[in-house]
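Now for the letters of each chain:
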Amino acid sequence: MGERRTGRTGAIAAWLFGAAGPAGPRTMAEALGLAEEAPGLQRLRDVEPQQLARVERLHAAAQRAFERRTGDAVCRALEAAVRAGIRETAAAPAGRPGTDGLKAEADAAAQRLAADAALAGGRGLNTGLAFGILLSPVVLVLALLGGQFLPRLFHGGIACPEELVLMDSLVCFAGGAMGAVFSVIIRLRDAYQLIQPAPGRAAPADVPADPVQLARMMRQEGWYRVVVGWFLATSLFLLINGGILTLLTPPAVPDDACGPGPLSAAGHQALIKAWFFWGSVGFLAGLNERWAYGLVRRGGEPRPDGPPAA
């Protein structure tokens, strides 16, 4: 049972973070069970030096592939192509044998490794976004608890108007996280187009970047985008609610919101309208960074009827 649990844990870790590559990737000669100076391999190197060097680079990159099955399949295909090339050079030693199969397998391997790198980037970004989504309610709960209990440490308290402002800020905060995630999901369409080349486009000739490092970088980018959505939404909330940014006017708080009696129907509608207003502001802040940055800059400009904003 312990071995099965370890295997499942390892499979989940490989799906999220990529397969663990070898400490030192095998060379093509080692994979074929040949010496580096083997006659057949040396003859193929003399006939197709550039193609064989490219195949060897792709073979080393395939051993660091994000998905183990992709790396194994690419390695087997390249090794079979090199074996076929060695046989061709041995069968026609006097002339230049046709090694189009070597080039075709190299192109196919480059395309599969490029798709593997795109998959690693997309999966890493999704993992980072998921971490940010899971972290958002934790931060919201901590902020709510802090607003409720921190004033008590200083022998104070939080009144009803402050509670309403705190709830509006948390709604705007959550909207910023949702907007950031939605923005990244929309832009993922361009990233997934990298997996399949456009019609008439040649297969990639270069070895792609290390997919494991790419996935790690995109994981950081994923939760970083959520954090950016938090700060943009919070900054807009402060500018609007503080009266510095007058382009958007928040809904008025009903007079009976904090009264002793029950809240009227108009008061309920006003609170719901405020909830949707601040949620929309936060969502737009996380969805469109240029819109949010433009509002922040506009909030720092001097108002026509007042002194410059601090």
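How each quantity is defined
- Residues numbered from 1 in each chain as written.
- Predicted model: local features only at pLDDT ≥ 70, side-chain atom pairs only at ≥ 80, totals over all residues.
- Heavy atoms only, no water.
- 1 Å grid on protein atoms, 1.4 Å probe; cavity = no way out; pocket = protein on both sides within 12 Å on 5 of 7 lines; lining within 4 Å.
- Points joined across faces, edges and corners; volume = space filled by probe spheres on them.
- Helix = DSSP H or I, 4+ residues; strand = E, 2+ residues; numbered from the N terminus.
- Nonpolar A, V, L, I, M, F, W, Y, C, P; charged D, E, K, R; others polar.
- pLDDT = per-residue confidence, 0-100.
- Contact = heavy atoms within 4.5 Å.
- Salt bridge = Lys/Arg side-chain N within 4 Å of Asp/Glu carboxyl O.
- Buried < 20%, exposed > 50% of the residue type's maximum accessible area, 1.4 Å probe, protein only.
- Phe/Tyr/Trp six-rings, centres within 6.5 Å; stacked < 30°, edge-to-face > 60°.

A word on the layout of surface pockets
Gaps left between atoms show up when a probe the size of a water molecule is rolled over them. Size it by volume and the second largest pocket reaches roughly 310 Å³. Lining the second largest pocket are 18 residues, and of these Leu164, Asp168, Val253, Ala274 and Trp278 sit closest to its centre. Contributions of two or more residues to the lining of the second largest pocket are made by helix H7 (160-192), helix H8 (211-241) and helix H9 (265-287). For the lining of the second largest pocket, the element with the most residues is H7, which contributes 6 residues. Its residues assigned to classes, the lining of the second largest pocket comprises 16 nonpolar, 1 polar and 1 charged.

Some points on the confidence of the model for the protein chain
Overall, the prediction assigns the protein chain a mean pLDDT of 78, with 77% of residues at 70 or greater. Element-level pLDDT for the protein chain is lowest in helix H10 (residues 289-299), with a mean of 53, against a maximum mean of 90 in helix H4 (residues 49-62). Note on residues 193-204: pLDDT is under 50 here. Beyond four places in sequence and across chains, it has 11 contacts. Low confidence marks residues 299-310, where pLDDT is under 50. Its contacts with residues over four positions away, or in another chain, come to 11 contacts.

Points about empty space enclosed by the protein
Applying the stated criterion to the full structure yields 1 cavity of 30 Å³ or more. A volume near 60 Å³ is recorded for the largest cavity. Contributing to the lining of the largest cavity are Ala61, Arg64, Ala65, Leu113, Asp116, Val207, Pro208, Ala209, Asp210 and Pro211. Taken together, the residues of the lining of the largest cavity sort by class into 7 nonpolar, no polar and 3 charged.

A short note on the pattern of salt bridges
Scanning the entire structure with this criterion turns up 6 salt bridges. For the salt bridge of Arg45 with Glu56, the shortest nitrogen-to-oxygen distance reads 3.2 Å. Taken as a pair, Arg45 in helix H3 (residues 39-47) and Glu56 in helix H4 lie far apart in primary sequence, 11 residues in all. By relative accessible area, which is 21% here, Arg45 ends up partly exposed. Glu56 gets classed as partly exposed once you look at its relative accessible area, which sits at 27%. Two residues, Asp107 and Arg54, come together in a salt bridge whose shortest N-O distance is 2.8 Å. Highlighted residues: Asp107 in helix H6 (residues 100-153) and Arg54 in helix H4, separated in sequence by 53 residues. Arg54 sits in the buried class, given a relative accessible area of 8%. Salt bridges sharing common partners tie together Arg54, Lys103 and Asp107.

Some words on the packing of aromatic side chains
Considering all chains together, one arrives at 5 aromatic pairs under this definition. Ring geometry for Trp275 against Phe276: centres 5.2 Å apart, planes inclined by 85°, an arrangement best described as edge-to-face. A relative accessible area of 51% means that Phe276 is categorised as exposed. By way of ring pairs, the aromatic residues Phe237, Phe277 and Trp278 are connected into one cluster.

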